Amino acid sequence: MKINGKKFHTIWLKENDEQIVQIIDQRFLPHEFVIENLETVDDVERAIREMHVRGAPLIGVAAAFGMYLSALEAIDNQQFTKYINESAEKLKAARPTAVNLAWAVDQQLELVSENYKILPSILLENAERIKKESIDRCKKIGEFGLPLIEDIYQRTEQIVNILTHCNAGWMACIDYGTATAPIYAAHDKGIPVHVWVDETRPRNQGARITAFELQEHGVPHTVITDNAGGHLMQHGEVDMVLVGTDRTARNGDVCNKIGTYLKALAAKDNNIPFYVGAPTSSIDFSLKNGFEIPIEERGEEEVKYIQGMCDGEIKKILLTPKASPAANFAFDVTPARLVTGLITEFGICKASQEELLRLYQ
Ligand code: MRU
């Protein structure tokens, strides 16, 4: 994806210094475009936990690079393997819901041997592979999702209105995004699309990040409040809902940003297709259903305060009575029965154990 005409991924190695990982610090988007250097595994852990990087595929890739930095640090450590294993645990614990984190760290752990001199280069190569595969998966999701949008356009011959929740775009991944990949593919092919962007309280990933991405790519869009989707669906203003996933259980239950479930209920009630961009890295075959997925609860200040640009400065302001307690559940589970289909890198399937197993055989 391009920012001001320059191509960016969301994570990369610093030019001329392979020991520094660079990221786009998403906390300041869309107002400031900040590139941050990550030099230690603790830097990576903090960047994931505090959401400098976020989105299931991206935090997986970031953790893979974190393991590489850990191997660099461990070279001088007497207890080399212990250090690496502790780093792995730390990274996995940074955020609990997206399965991509453990998925990527475990792939790195499989390569750990006593041969500590060459381990950093092995883990770096593997992190680059995980990154590349993440991009390829999103691209494929775009290819498989495109006909769904094309189909609606051929039937209606009108602008295709797609509602999305949170940010499952290239900022949540490495490039293309999961939910947004079919949208970019349709737009680039000349199909008229318009995206309803849920603001996605409390961190406003929709209003801040999805809107920023779509704006940069020239895709028509409108930011709406989180509660507006149902109303738009009732009035024929939504042709399709397209979201991402942080973890999908093997029965097809989808865990995604808080509020997704309500959109799925409204879509069902209005006969609107509800699709999920679901790369393999976010499917957890070990879980029977979505209610086994740990739901992250974040700090109450994210609900009580809101951040934005004011007089040329990024500021945080208090929304609630100072003493009112707030609760901050970051994800919810959309039962498989409300999901029209999962768009994976291998094709589209129904959200069911049989269909997922068939696809992955
Ligand atoms: O808390 P976040 O911003 O890391 O949440 C993840 C998400 O952005 C979404 O839930 C997204 O739809 C899935 S990630 C492609």
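1. Side note on the site of the ligand
Taken together, 18 residues form the shell around the ligand, and within it Arg-54, Arg-95, Asp-246, Asn-256 and Lys-257 come nearest. In the model, an oxygen atom of the ligand is placed 3.0 Å from a nitrogen or oxygen of the Asn-167 main chain. With respect to the ligand, the side chain of Asn-256 contributes an N or O atom lying 2.6 Å from an oxygen atom. Computed on the free molecule, the ligand has an accessible area of 400 Å², of which 100% lies beneath the protein chains in the complex. Those elements giving two or more residues to the shell around the ligand turn out to be helix H2 (56-74) and strand E11 (254-257). Considering only residue class, the shell around the ligand consists of 7 nonpolar, 7 polar and 4 charged.

2. Overview of the packing of aromatic side chains
Within this structure, the stated rule accounts for 4 aromatic pairs. Ring centres 5.0 Å apart and planes at 70 degrees place the aromatic pair Phe-8 and Phe-33 in the edge-to-face group. Placement of the pair is Phe-8 in the loop between strand E2 (6-7) and strand E3 (11-14) and Phe-33 in the loop between strand E4 (17-25) and strand E5 (34-38), with a sequence separation of 25 residues. What makes Phe-8 buried here is its relative accessible area of 9%. Looking at Phe-33, the relative accessible area reads 33%, which means it is partly exposed. With centroids separated by 5.3 Å and ring planes inclined at 90 degrees, the aromatic side chains of Phe-346 and Tyr-360 adopt a geometry described as edge-to-face. Within this pair, whereas Phe-346 is found in the loop between strand E17 (341-344) and strand E18 (347-349), its partner Tyr-360 is found in helix H11 (residues 353-360), the two being separated by 14 residues in sequence. When its relative accessible area of 48% is taken as the criterion, Phe-346 is described as partly exposed. Residue class for Tyr-360 comes out partly exposed when judged on its relative accessible area of 22%. Through successive ring pairs, a cluster of aromatic residues spans Phe-8, Trp-12 and Phe-33. The side chain of Lys-257 reaches across the aromatic face of Phe-331, ending 4.1 Å from its centre.

3. Observations concerning the sheet that holds E11
Strand order in the open sheet formed by 4 strands is E13-E10-E11-E16, and the pairing between neighbours is mixed. If you trace the sheet from one side to the other, it starts and ends with strand E13 (283-284) and strand E16 (331-334), each paired once. Bridge analysis of strand E10 (residues 247-249) against E11 gives 2 bridges, and the strand direction is antiparallel. The residue bridging Arg-247 from the neighbouring strand is Cys-255, located in E11. The sheet strands contacting helix H9 (residues 260-269) are E11 and E16, and the helix crosses E16 at an angle near 30 degrees.

4. So, the nonpolar core
Grouped together as the largest cluster of nonpolar side chains are 39 residues, with contacts concentrated most on Ile-11, Ile-48, Val-53, Phe-65 and Leu-91. Elements with a minimum of two residues in this core: E3, E4, helix H1 (41-49), H2, helix H3 (80-92), helix H4 (100-109) and helix H5 (119-156). The dominant element in this core, judged by the number of residues it contributes, is H2, at 13 residues. Those residues in contact with Ile-11, other than ones at most four positions away along the chain, are Val-21, Gln-22, Ile-23, Leu-58, Val-61, Ala-62, Phe-65, Lys-131 and Ile-174.

5. Examining the domain arrangement of the chain
Taken domain by domain, the chain comprises domain 1 (2-133) and domain 2 (136-360). Each of domain 1 and domain 2 has a C-alpha centre, and these two points are 25 Å apart. Each partner contributes residues to the interface: domain 1 has 35 residues there, and domain 2 has 36 residues. Taken together, both faces of the contact between domain 1 and domain 2 bury some 3,100 Å²; the carbon and sulfur share is 54%. The three residues of domain 1 that bury the most area against domain 2 are Arg-54, Thr-97 and Val-99, which together make up 20% of that side's buried surface. For the pair domain 1 and domain 2, the interface holds 4 salt bridges. Arg-137 is paired through a salt bridge with Glu-133; the nearest N and O atoms lie 3.6 Å apart. One can count 20 residue pairs in polar contact (both at pLDDT 80 or more) joining domain 1 with domain 2.

6. Considering the pairing of E17
The alternating pattern of E17 places Gly-341 and Ile-343 on one face and Leu-342 and Thr-344 on the opposite face, and all of these are buried. As judged from the 3 bridges shared by strand E12 (residues 274-277) and E17, these two strands associate in the parallel manner. Note on E17: the bridge partner recorded for Gly-277 is Ile-343. Linking E17 to E18, which pair antiparallel, is a turn of 2 residues.

7. Comments concerning the sheet that holds E12
A sheet is described by the order of its strands in space; here 7 strands give the open sequence E8-E7-E6-E9-E12-E17-E18, paired in mixed fashion. Of all the strands in the sheet, the pair left with one neighbour each is strand E8 (221-224) and E18. Sheet twist, expressed as the average angle between the axes of neighbouring strands with direction ignored, equals 25 degrees. Contacts between helix H6 (residues 180-188) and the sheet are confined to strand E6 (160-164), strand E7 (193-198) and strand E9 (240-243), with E7 contributing the most and set at about 150 degrees to the helix. Most of the contacts of H9 go to E12, to which it runs at about 145 degrees, and overall it touches E6, E7, E9 and E12.

8. Here's the deal with the side chain of Arg-247
One can find Arg-247 in strand E10. Arg-247 sits in the buried class, given a relative accessible area of 10%. Residues contacting Arg-247, with those up to four places away along its chain left out, are Pro-96, Thr-97, Ala-98, Val-99, Asp-253, Val-254, Cys-255, Ser-282, Asp-284, Leu-287, Ile-293 and Pro-294.

The rules behind these values
For every chain, the first residue of its written sequence is number 1, and the numbers climb from 1 along that sequence. The predicted origin of the model limits local features to residues at a pLDDT of at least 70 and limits the giving and counting of side-chain atom pairs to 80 or more, whereas totals for whole chains, interfaces and linings rest on all residues. Values shown for side chains rest on all heavy atoms present in the structure; no hydrogens or waters enter the calculation. We call a residue near a molecule or strand whenever a single non-hydrogen atom of that residue lies within 4 Å of it. Think of a polar contact as two N or O atoms within 3.5 Å of one another; within protein, one of them needs to be a possible hydrogen donor and the other a possible acceptor, and neighboring residues in sequence only count if both atoms come from side chains. Method for areas: the Shrake-Rupley scheme with a 1.4 Å probe, in which residue coverage is limited to the protein chains shown. In this text, helices come from DSSP runs of H or I with a minimum length of four residues, and strands from runs of E with a minimum of two, each type numbered from the N-terminal end. Residue polarity follows a fixed list, in which Ala, Val, Leu, Ile, Met, Phe, Trp, Tyr, Cys and Pro are nonpolar, Asp, Glu, Lys and Arg are charged, and the others, Gly among them, are polar. Stacked, tilted and edge-to-face are the three classes applied to pairs of Phe, Tyr and Trp rings, where Trp contributes its six-membered ring and a pair requires centres within 6.5 Å; stacked means planes under 30 degrees apart, edge-to-face means over 60, and tilted covers the rest. To sort residues, take the accessible area from a 1.4 Å probe on protein chains only and compare it with the maximum for the residue type: under 20% means buried, over 50% means exposed, and anything in between is partly exposed. The rule is short: NZ of Lys or CZ of Arg within 6 Å of the ring centre and within 35 degrees of the ring normal puts a charge over the ring. Strand pairing follows a simple DSSP-based rule, namely that at least 2 bridges must link the two strands. Contacts: residue pairs with any heavy atoms within 4.5 Å of one another. Fitted lines through C-alpha atoms give the axes, limited to the stretch in contact for helices. The angle between two N-to-C directions lies from 0 to 180 degrees. To form a nonpolar core, buried Ala, Val, Leu, Ile, Met, Phe, Trp, Tyr and Cys residues must be joined to one another through side-chain atoms within 4.5 Å. For the domains described, the bounds stem from an automatic or database domain assignment. Buried area: the accessible surface (1.4 Å probe) lost by two parts on joining, summed over both. Salt bridges are counted wherever a side-chain nitrogen of Lys or Arg sits within 4 Å of a carboxyl oxygen of Asp or Glu.

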